[in-house]
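Tertiary structure, described
Here is what each chain is made of, one letter per residue.
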Amino acid sequence: MAAGNLSGALAALNQIGVLIEGIDAACGGELNWCDAGQPWGDGRCNADGLTDAQVDWFWTCGWHWAQFTRGNIDTVPGFCGGDRDGDGIPDDDDACPDQGGSVDANGCPLSVPLGPCEVDGDGDGTADCYDQCPADPGKTAPGVCGCGQPDEDTNGDGMADCTDLCPADPAKITPGVCGCGTPDTDTDGDGAPDCNDGCPTDPGKTAPGACGCGSPEGDIDGDGVPNCVDGCPADFFKITPGACGCGVAETTGDLDGDGVIDCNDSCPMDYRPVGSLCWDVPPAECFVLTGIAINPGSGCVTTRNYAVATGCTLSTPACP
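Please read these numbers as outputs of a predicted model, since none were measured by experiment. Along each chain, the written sequence defines residue order, and numbers are assigned to residues from 1. In keeping with the model being predicted, local features are shown solely for residues with a pLDDT of at least 70 and side-chain atom pairs are shown and tallied solely at 80 or more, while totals for entire chains, interfaces and linings include all residues. Hydrogens and water are ignored here; the side-chain numbers use all heavy atoms of the structure.

Structural notes on the overall build of the chain
- A tally of regular secondary structure across the chain gives 3 helices and 2 strands.
- Going residue by residue from the N terminus, the α and β elements of the chain occur as α-α-α-β-β.
- Note on classification: 1.4 Å probe, protein chains only; a residue is buried when its accessible area is under 20% of the maximum for its type, exposed when over 50%, partly exposed between these limits. The buried share of the chain, taken over its 320 residues, is 29%.
- We call two residues in contact when some of their heavy atoms are within 4.5 Å. A separation of at least 24 residues holds for 15% of the contacts in the chain among residues at least 6 apart in sequence.
- Here, Shrake-Rupley sampling with a 1.4 Å probe gives the accessible areas, and only protein chains in the shown set may cover a residue. Total accessible area on the chain is roughly 18,800 Å²; 56% of this is exposed by carbon and sulfur atoms. By the criteria applied, helices consist of DSSP H or I runs no shorter than four residues and strands consist of E runs no shorter than two, each listed in order from the N terminus.

Let's talk about the packing of aromatic side chains
- Stacked, edge-to-face and tilted labels apply to pairs of Phe, Tyr and Trp rings (six-membered ring for Trp) whose centres lie within 6.5 Å, assigned for plane angles under 30 degrees, over 60, and everything in between, in that order. In this structure the tally under the stated criterion is 1 aromatic pair.
- Measuring from ring centre to ring centre gives 5.4 Å for Phe236 and Phe237, while their planes differ by 90°; the resulting arrangement is edge-to-face.
- Phe236 gets classed as partly exposed once you look at its relative accessible area, which sits at 47%.
- With relative accessibility at 76%, the residue Phe237 sits in the exposed group.

Let's talk about the state of the cysteines
- Disulfide: a pair of cysteine sulfur atoms within 2.5 Å of each other. Within the structure shown, the criterion is met by 10 disulfides.
- Each disulfide pairs two cysteine sulfurs, and for Cys133 the partner residue is Cys147, the sulfurs being separated by 1.9 Å. Linking Cys133 and Cys147, the disulfide has an S-S dihedral of approximately -75° and is accordingly described as left-handed. Placement of the pair is Cys133 in the loop between helix H2 (52-70) and helix H3 (283-286) and Cys147 in the loop between H2 and H3, with a sequence separation of 14 residues.
- The partly exposed category is assigned to Cys147, whose relative accessible area is 42%.

Examining the pattern of salt bridges
- Salt bridges, as used here, are contacts in which a Lys or Arg side-chain nitrogen is within 4 Å of a carboxyl oxygen on Asp or Glu. Applying the stated criterion across every chain yields a total of 4 salt bridges.
- A salt bridge links Lys139 to Asp151, with the nearest nitrogen and oxygen atoms 3.1 Å apart. Remark: Asp151 occurs in the loop between H2 and H3 and Lys139 occurs in the loop between H2 and H3; sequence separation between them is 12 residues.
- Judged by its relative accessible area of 9%, Lys139 falls in the buried class.
- According to the relative accessible area criterion, Asp151 is partly exposed, its value standing at 36%.

Below, the structure is given as structure tokens:
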């Protein structure tokens, strides 16, 4: 008889049930090995009416069944058709030999649909009927960011990352003018944030310009050149002092011919007689100073009187 066939085992057991007591008696009241010399002569008990196959099965499995029916043992081996969970499937063929009741063809309990409050779809320990985010194992309520998105606050500013436009900047929640990571500070209070202010500590300027931060770009004389680089900031006609200085028109004239240009000559006409004519020989040889008149205010000579030197004659006004 094939091992693991419970129905076959039970049928065979029923067939020999009436003989078990005879076997038991032949073995002296013990279903166990008998002394040698008993029928079959191989040390096993025998009883009339049993086939060889029945005797083999009995000594292989029948003893276990007899002991089980008497309550002497708790289970029968699976190879003998034992079914310890009582589900009708021999243990050797039972994928769940210790789980009885309503079972499938493999001997395992039938799946029973869970009630609405027994289902936990996301496995977070909260039944779906109580879980407001039944598909999100990380949340049981939508929170600020909704199901499927954690309510994390990476920068710890009290604003969840999902609503924080600067999630890595604890000082800002929006980029503002300067962007995340850069404060929108306006140190000089001129309305231009430092990040865009070329002169962040100069309230009068947002770019260095020609004069640099801290220096105004004023142009007092209106000549188009800022005061800071205008050598004559109050002289519209000049941006450098030149030889004559600011406020004085630049000239190269030297009316008195003394080698000093008129703008720097305190006595620009003090060298030759006023209105004097040119001479045909060097002046020093042709006239003699006979008298002078001096302006007491400026100290300059205003009039000189000369006499023609011996041997000199007047020439035309064309000077050599």
